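Spelled out, the chains give:
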Amino acid sequence: REDTVGHHRMTARASHEMLGAADAALAQPADIAVPTLLLYGEEDHIVSVPSAQRWFEALHCRKRSAGFRDTYHELHHEMVREEVLRLVREWITAA
């Protein structure tokens, strides 16, 4: 199945800032102290799912992870949208 939602474009500045932040977060996952919710599409071609899972396992903060079968990078545009929004609401409102 082809990902018809992704546009594969961004500005040079957005790309530079995003990659810099990602490098910092990936370099020292144990230093991340903020609660982290990782939601991912198992067919994501933009983010390496195995790398994201390894990074997630290295976190020492409050965390939760959920993968969605047959979905890509932008979960809010997928058939699992309501489930994703429910998980985000639960995460935000959790004590």
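These figures come from a predicted structure and were not determined experimentally.

This part takes up the overall build of the protein chain. On a plain count of helices and strands, the protein chain comes out with three helices and two strands. Reading the protein chain from its N terminus to its C terminus gives the helix and strand order α-β-α-β-α. Expressed along its principal axes, the backbone C-alpha trace of the protein chain runs to roughly 35 × 35 × 20 Å. Among the 95 residues that make up the protein chain, the fraction classed as buried is 24%. Considering only contacts within the protein chain whose residues lie at least 6 apart along the sequence, 70% involve residues at least 24 apart. Total accessible area on the protein chain is roughly 7,100 Å²; 56% of this is exposed by carbon and sulfur atoms. Averaging the locations of the 11 positively and 15 negatively charged side chains of the protein chain gives two centres separated by 5 Å.

For the rest of this paragraph, the subject is the confidence of the model for the protein chain. Within the protein chain, residue pLDDT values average 89, and 91% of them lie at 70 or more. Ranking the elements of the protein chain by mean pLDDT puts helix α1 (residues 12–27) last, at 84, and strand β2 (residues 63–68) first, at 97.

Time to look at a nonpolar patch on the surface. Together, M10, M18 and L19 make up a nonpolar patch on the protein surface, roughly 300 Å² of accessible area in all. As for its placement among the helices and strands, M18 is situated in helix α1.

So, on to the pattern of salt bridges. All chains considered together, the criterion is met by four salt bridges. Across the salt bridge formed by R81 and E82, the nearest N and O atoms sit 3.9 Å from each other. Take R81: its relative accessible area is 38%, and that puts it in the partly exposed class. Three or more residues are tied together by salt bridges with common partners; here these are R64, E83, R86 and E90.

Our next topic: the nonpolar core. Judged by nonpolar contacts, I32, L38, Y40, V49, A52, W55, F56, L59 and C61 together constitute the single largest core of nine residues. Counting residues per element, the ones that place at least two in this core are β1 (36–41) and α2 (49–58). Among the elements that line this core, the one with the most residues is α2, at four residues. Ignoring any residue separated from it by four or fewer positions in sequence, one finds A52 in contact with L38 and V47.

Calculation criteria
Residues numbered from 1 in each chain as written. Predicted model: local features only at pLDDT ≥ 70, side-chain atom pairs only at ≥ 80, totals over all residues. Heavy atoms only, no water. Helix = DSSP H or I, 4+ residues; strand = E, 2+ residues; numbered from the N terminus. Buried < 20%, exposed > 50% of the residue type's maximum accessible area, 1.4 Å probe, protein only. Contact = heavy atoms within 4.5 Å. Areas by Shrake-Rupley, 256 points an atom, 1.4 Å probe, with all protein chains shown as cover. Lys, Arg positive; Asp, Glu negative; His and termini not counted. Charge placed at Lys NZ, Arg CZ, Asp CG, Glu CD. pLDDT = per-residue confidence, 0-100. Patch = residues over 30% accessible without salt bridge, like charges linked within 9 Å, V, L, I, M, F, W, Y side chains within 5 Å. Salt bridge = Lys/Arg side-chain N within 4 Å of Asp/Glu carboxyl O. Core = buried A, V, L, I, M, F, W, Y, C linked by side-chain atoms within 4.5 Å.

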